[in-house]
Amino acid sequence: MKKGNLTLQCILVQCLFWGLSGAVVSFARIYLQKNMFDVALVGTALAAVKVASALLQPLLADLVDRSKKLTVADYCRVLVGIALVLLAGNLLLGLGGYVLLAVFLATVLMVHLLEPISMSVSSYYLYAGEKLNYGLVRASGAACFGILSVVMGSLVETWGETVIIWAAIVFCVLYVVNLQFLPQMKPFGRELRDKQKSLGLLAFAGKYSRFMLAMLGVFFLGAFHITTETYMIDMAQRLGGGESDVGVILFCSCAGEVTVMLLFERIRHKLTPMGWMCLSGLGYLLKGILFLIAWAPWVLYVAGFLHIISHGIFAPAVIFFAKEEVAQQDMVKGQALIVSLTTLGGSIGIFAGGWLISGWGVQTMLYLAMGFAVVCQLVFLAVLRGTGKTQQ
C-alpha cells in the first residue's frame, strides 16, 4: 500500500481541504455581501446550506460505504471537480444577481459535503493498520486554516472579493493532484464483499447504539462550539472590544488546538477515546464559564486558548472513538454523522442565539450556550459509564 510518506500525504489532504474550506465557507458571508446581497438574506441562505449539508452528508456516506466501484478518493475527486466547475463558471462567465448566489451556495454545499469524505481518507489508512500520526495530520489542518484566515483577510482587503474564488480554484487543483499520490485504495463495497455488508442508516443506528448516544453529545457540543464562535464579535463588543480582539481570540484558539493535537499521538493511550471526549467536554464547560463571567476582552483570549483542553482534544479523540465503535464497512457513515450532527447542532444554536441576542442580549445567549455544554458533558459521562464498545 505504501507510496511515499503517508503522514505527509494525509497532512496535505487536510491542509488543502481546510484551505478550500477557509476560502469558500469562512469567507462566504464577506463574498456575498460584497456582491451586494442583503445581510439577512446571506445569513438565512448560508444557514439553509448548513442544514442541507447536515442532512445530505449521512446519505452520501452511505453511498460511499456501499460503493463497489469508487473509492473514498474517487468521491473526493467528484466533489472537488463539481466545486471547481462552479468556481470557474462563476469567474469566467461574470455571473451576477441570484444566479451568482445560487452557484456560490452550491459551491459551499460541495465543500460541506466534502468534509466527512475528506476526513475519511486518513481514517481509511487507520482502519487498514497503516502507520499514521493522526494528531500531526489534524494539527496541520488546523494550523493551515488559522494561517489562511489571516492571509485571506489581508488579500481580500487589498485585491477584493474575487481573490476568494481564485484561492479556492488553486486549492481545488492542488487537492486533486495530491490525491494522485496517495497509496492505493479499494472501494469499500468490493473490499468487504466477503465480510459483513455496510448497514443502512436505520440499521446503523440500531447496531451502534452507544455510538449514536455519543452523537447526541456531539450535537450539543456543536451547538455550543459553533454558536459561541459565530457570536464572538458580539461577546467582544459588549466588553468594549472589536474585530481585532476576535482575531486574537481565534489565534489563541488555534494555538491551543494545534499544541495538543501535535502531542495527541503520544498521549492518547493514557485514556480511552471516550475518556478524552469527557475531558474535552470539561474544557468546553470551563470555556462557557469564562464567557459568562468575562469582564474584559483578555478573558476571552484565555477562553480561546482553552481549545487546548476542549476542541483540540475532541477533534482527534472522536475519530479514534469512531474507529473503536464502528466497523470498517460503516466507517464513512460514522465520520459523516460526526460532521453532520455538529453542523446541525450549530445551525440550531445560531438561529436560537441570534433570536436571544436580539431580544434579551448576549448574556442570555451565553446561558443557552452553557446549557448546551452541560448537556453535552452529561451525555459523554453517560456513555463513559455505560457498557463496553459495540460488538462488530
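Okay, so let's go over this structure. Bear in mind the structure is a predicted one, so any value in this text is a computation, not a measurement.

1. A short note on the packing of aromatic side chains
The relative placement of two aromatic rings is captured by the distance of their centres and the angle of their planes. Scanning all chains against the criterion turns up eleven aromatic pairs. The interplanar angle of 35° and the centroid separation of 6.2 Å between the aromatic rings of phenylalanine 264 and phenylalanine 320 together place this pair among those described as tilted. Here phenylalanine 264, found in helix α12 (residues 243–267), pairs with phenylalanine 320, found in helix α15 (residues 311–325); they are 56 residues apart in sequence, far enough to count as distant. Of the two residues, phenylalanine 264 and phenylalanine 320, both sit in the buried class. Considering the side-chain rings of tryptophan 355 and tryptophan 360, the 5.2 Å spacing of their centres and the 70° angle between planes classify their relative orientation as edge-to-face. Given a relative accessible area of 57%, tryptophan 355 falls into the exposed group. On the basis of relative accessibility, which here comes to 55%, the residue tryptophan 360 falls in the exposed class. Taken together, the ring pairs in this structure connect Phe219, Phe220 and Phe372 into an aromatic cluster.

2. Things to note about the nonpolar core
Membership of the largest hydrophobic core comes to 128 residues, with the highest contact counts inside it found for Leu32, Ile117, Tyr175, Phe211 and Phe380. Among the elements that make up this core, the one with the highest residue count is helix α5 (residues 97–127) (16 residues).

3. Here's the deal with the environment of leucine 101
Structurally, leucine 101 can be placed in helix α5. Along the primary structure leucine 101 and glutamate 265 are separated by 164 residues, whereas in three dimensions their C-alpha atoms are 42 Å apart. Look past the residues within four positions of leucine 101 in its chain and what remains in contact with it is Leu32, Phe37 and Leu41.

4. Some points on the packing of helix α1 (residues 6–26) against helix α7 (residues 162–179)
The geometry of α1 relative to α7 is characterised by a closest axis approach of 9 Å and an angle of 160° between their N-to-C directions. By the angle between their directions, the pair α1 and α7 is classed as roughly antiparallel. In this structure, α1 crosses over α7, and the sense of that crossing is left-handed. For the pair α1 and α7, contact is made by Gln9, Leu12, Val13, Leu16, Phe17, Gly19, Leu20, Ala23 and Val24 and by Ile164, Ala167, Ala168, Phe171, Cys172, Leu174, Tyr175, Asn178 and Leu179, respectively. Looking at side-chain class alone, the contact of α1 with α7 contains 15 nonpolar, three polar and no charged residues.

5. What about the pattern of salt bridges?
Counting across every chain of the model gives two salt bridges. The partner of arginine 77 in a salt bridge is aspartate 74, with the nearest N and O atoms 2.7 Å apart. Pair noted here: arginine 77 and aspartate 74 are both in helix α4 (residues 72–93), with a separation of three residues, about one helical turn. Judged by its relative accessible area of 22%, aspartate 74 is partly exposed. Arginine 210 serves as the salt-bridge partner of glutamate 325, at 2.4 Å between the closest nitrogen and oxygen. One end of the pair, glutamate 325, is in helix α15; the other, arginine 210, is in helix α10 (residues 209–230), and 115 residues separate them in sequence. Glutamate 325 gets classed as buried once you look at its relative accessible area, which sits at 0%.

What counts as what
- Per chain, residues are indexed from 1 in the order of the written sequence.
- Only residues with pLDDT of 70 or above have their local features reported here, since the model is predicted, and side-chain atom pairs are shown and tallied only from 80 upward, although totals for entire chains, interfaces and linings are computed over all residues.
- No hydrogens and no water enter the side-chain calculation; it runs on all heavy atoms of the structure.
- Paired rings are identified among Phe, Tyr and Trp, the last through its six-membered ring, by centres lying within 6.5 Å, and are further divided according to the angle between planes into stacked (under 30 degrees), edge-to-face (over 60) and tilted (the rest).
- Helix numbering and strand numbering both begin at the N terminus, where a helix is a DSSP run of H or I of at least 4 residues and a strand a DSSP run of E of at least 2.
- The buried label applies to any residue whose accessible area, calculated with a 1.4 Å probe on protein chains only, is under 20% of its type's maximum; exposed applies above 50%, and partly exposed to all values in between.
- In this description, a nonpolar core means a group of buried Ala, Val, Leu, Ile, Met, Phe, Trp, Tyr and Cys residues linked to one another through side-chain atoms lying within 4.5 Å.
- Contact between two residues is taken to exist if any of their heavy atoms lie within 4.5 Å; hydrogens are not considered.
- As a rule, the C-alpha atoms of each element are fitted with a line to give its axis, helices using only the stretch in contact, and angles between N-to-C directions run from 0 to 180 degrees.
- Any angle that is under 35 degrees is reported as roughly parallel, and any over 145 degrees as roughly antiparallel; angles of 65 to 115 degrees are reported as roughly perpendicular and all others as oblique.
- Rotating anticlockwise by less than a right angle from the far helix to the near helix defines a left-handed crossing, while the corresponding clockwise rotation defines a right-handed one.
- Three classes are used: nonpolar for Ala, Val, Leu, Ile, Met, Phe, Trp, Tyr, Cys and Pro, charged for Asp, Glu, Lys and Arg, and polar for all others, with Gly counted as polar.
- Salt bridges are identified by distance alone: a Lys or Arg side-chain nitrogen within 4 Å of an Asp or Glu carboxyl oxygen.

Purely geometric numbers; function is a separate question.
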